[in-house]
Amino acid sequence: MADSILLDIAGDIARITLNRPDKLNSFTAAMHGRLAAALDQVEAARTRVLVVTGAGRGFCAGQDLSDRAAAPGAAPVDLGHTIETYYNPLVRRLRALAMPVIVGVNGVAAGAGANIALAGDLVIAARSAKFIQAFCRIGLMPDSGGTWFLPRLVGPARAAGLALLGESLTAAQAAQWGLIWKMVEDDALAGEIDALAAHLAVQPTRALAAIKAALQVSWSNGLDAQLDLERDLQRGLGASADYREGVTAFIEKRKPDFRGA
Ligand code: LHQ
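Residues numbered from 1 in each chain as written. Predicted model: local features only at pLDDT ≥ 70, side-chain atom pairs only at ≥ 80, totals over all residues. Heavy atoms only, no water.

(A) Spatial organisation of the pattern of salt bridges. Evaluation of the coordinates by the stated rule reveals 15 salt bridges. A salt bridge links D64 to R20; the nearest nitrogen and oxygen atoms lie 2.9 Å apart. You can see D64 sitting in the loop between β4 (58-60) and α2 (79-96) and its partner R20 sitting in the loop between β2 (13-18) and α1 (29-45), a full 44 residues away along the chain. Exposure class is identical for D64 and R20. Each is buried. Between R93 and D40 there is a salt bridge, with its nearest N and O atoms 2.5 Å apart. Here D40 lies in helix α1 and R93 lies in helix α2, a separation of 53 residues in the sequence. A relative accessible area of 45% places D40 in the partly exposed class. Where salt bridges share partners, they join D228, R231, D232 and R235 into one cluster. (Salt bridge = Lys/Arg side-chain N within 4 Å of Asp/Glu carboxyl O. Helix = DSSP H or I, 4+ residues; strand = E, 2+ residues; numbered from the N terminus. Buried < 20%, exposed > 50% of the residue type's maximum accessible area, 1.4 Å probe, protein only.)

(B) The pairing of strand β3 (residues 49-54), seen in detail. Judged by how many residues are buried, β3 sits mostly within the fold: six of six residues are covered. Of the strand pairs in this sheet, β2 and β3 are connected by six bridges, and their pairing is parallel. Bridging across to β3, I16 finds its partner in V52. Assessed by its sense of winding, the connection that carries the chain from β2 through α1 to β3 is right-handed. Direction of pairing for β3 relative to strand β5 (residues 101-105): parallel, over a ladder of four bridges. For V51, the partnering residue across the bridge sits in β5 and is I102. (Pairing = 2+ DSSP bridges. Right-handed = clockwise from strand over helix to strand, strands pointing away.)

Here it is in structure tokens:
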């Protein structure tokens, strides 16, 4: 059986591909285990950017519904346990990774698959991709951070429409609404992701990690707390080798050689 998670680490760039294309890369418990192990390897390798994408025509259709089936007459499955064990740690981990996470949404992203995509820092979707908060179609509510991401990204009215109706949102609309960073034509997605990953891999990684952390916490901080946080993070960056290199390169009128330190 093919590996449900493919990991490729090339220099400073890590790529994880969700790889159950015949089931639109929907998650089984085994696949979650493989993904957690892959993320362990990414962290151990200390790469400077992570790309997450899907194999085949879908990005991820959320939970594999046959893996957690509520069979007629059977005792109900504890979905809270599934979420606590697999989905919440995954979302927390992607958000906490000290490097930018590019999510390349190559096709449909449904249910938890849509919200795992939104946990990325830069989400780029192919024109044919779709985002579906499919939960309400099967008697559930958005999880994997959906009720947190959606109102913050697209505002309360659109968040309510997406979550309550479970309709399919095109990539073009998602980009227009600000749900994602950008949409590109299908045949441009791979090249766009490669170029963005190559760019980010030579940027000042500590600064990017600080930006990521500060932007995230801004959603719950007041201005005073955020000003204090910026001061503290900037103080740390001010002592970094990459800051020294950035300023030196500026003064010497050359391209900086950032090492991520
Ligand atoms: C699938 C799936 C799938 C299994 C496509 N499972 N096979 C967390 C905690 C614990 C439990 C519950 O959930 C959660 C969070 C969640 O993620 S809940 C939401 C789960 N996801 C969904 O409800 C989406 C289900 N899928 C769909 O609605 C459609 O497949 C979409 C709209 C995504 C794509 O439609 P199509 O392009 O028409 O493709 P398809 O439906 O023909 O799917 C292709 C194959 O993939 C098919 O298998 P088959 O053997 O018949 O070819 C599907 O059965 C399979 N597949 N999603 N989630």
